[in-house]
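In case you want the letters, here they are:
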Amino acid sequence: FMHALSEAYEHLELQLRQVLERDRTCAELAARCISLSRNLVSDAITFLLLAATHLTQTDNLPSLEVVVLWQSLPASGNPLPSRADPQLQKSM
């Protein structure tokens, strides 16, 4: 009887270890998916903001990040004119 309990305990311990490893792996995969989806959204917004340009004007910008592109929008079409950068607007 004690041997059977010992074996059952060992099997349960092994199964628990495997479950915990899988849970951690699932959490890591979920975090990776969230990171990739954020990058996808950011890249899609960048593409949409660049689609209306001739692409030669963007060479003068310090970066193609969404924040920089947003700051370079003209004052008439900028939803946040207080965040506009006049120097970046001249470049565009």
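Treat the numbers as computed from the prediction; the structure is a model and nothing was measured. (Residues numbered from 1 in each chain as written. Predicted model: local features only at pLDDT ≥ 70, side-chain atom pairs only at ≥ 80, totals over all residues. Heavy atoms only, no water.)

### With respect to the overall build of the protein chain
Rule in force here: Labels follow the DSSP assignment, with helices taken as runs of H or I lasting at least four residues and strands as runs of E lasting at least two, numbered in each case from the N terminus. The cut-offs for exposure are 20% and 50% of the maximum accessible area for each residue type, with area from a 1.4 Å probe on protein chains only; residues under the lower value are buried, those over the upper are exposed, and the others partly exposed. Using a 1.4 Å probe, the Shrake-Rupley method yields the accessible areas, and only the shown protein chains count as cover for residues.
Within the protein chain one finds three helices and zero strands. For the protein chain, the sequential pattern of α-helices and β-strands runs α-α-α. Once the C-alpha set of the protein chain is aligned to its principal axes, its extents read approximately 85 × 25 × 20 Å. The buried share of the protein chain, reckoned over its 92 residues, is 12%. Surface accessibility of the protein chain: about 7,600 Å² in total, with carbon and sulfur atoms responsible for 62%.

### Focus: the layout of surface pockets
To keep things clear, this is the line we draw: Cavity and pocket criteria rest on a 1 Å grid covering protein atoms alone: a 1.4 Å probe that fits but cannot get out defines a cavity, protein on both sides within 12 Å along at least 5 of 7 lines defines an open pocket, and an atom within 4 Å of a point defines a lining residue. Grid points are joined across faces, edges and corners, and a volume is the space filled by probe spheres set on the points. Note on residue classes: Ala, Val, Leu, Ile, Met, Phe, Trp, Tyr, Cys and Pro are nonpolar, Asp, Glu, Lys and Arg are charged, and everything else, Gly too, is polar.
Computed from the structure, the largest pocket encloses a volume of approximately 180 Å³. For the largest pocket, the full set of lining residues is L49, L50, A52, T53, Q57, L69, S72, L73, P74, Q89 and M92. Classifying every residue of the lining of the largest pocket by side-chain character gives seven nonpolar, four polar and no charged.

### Structural notes on the side chain of T58
Cut-off, in case you're wondering: Note on contacts: a residue pair qualifies if any of its non-hydrogen atoms lie within 4.5 Å across the two residues.
Take T58: it is sitting in the loop between α1 (2-50) and α2 (66-71). Beyond its immediate stretch of four places on either side in the chain, T58 contacts L50, T53, L64 and M92.

### A few points about the nonpolar core
Basically, it comes down to this: To define a nonpolar core, start from buried Ala, Val, Leu, Ile, Met, Phe, Trp, Tyr and Cys residues and group those joined through side-chain atoms within 4.5 Å.
Formed by L50, L61, V68, L69 and L88, the largest nonpolar core amounts to five residues. Residues contacting V68, with those up to four places away along its chain left out, are L61, P62, S63 and L88.

### As for the confidence of the model for the protein chain
To keep things clear, this is the line we draw: Known as pLDDT, the predictor's confidence for each residue is given on a scale from 0 to 100.
Within the protein chain, residue pLDDT values average 82, and 100% of them lie at 70 or more. No element of the protein chain has a lower mean pLDDT than α2, which averages 81, and none a higher one than helix α3 (residues 86-91), which averages 84.

### A word on the side chain of S72
For S72, the position within the fold is in the loop between α2 and α3. The exposure class of S72 is buried, given its relative accessible area of 5%. For S72, the residues in contact, after removing those within four places along its chain, are L61, L88, Q89 and M92.

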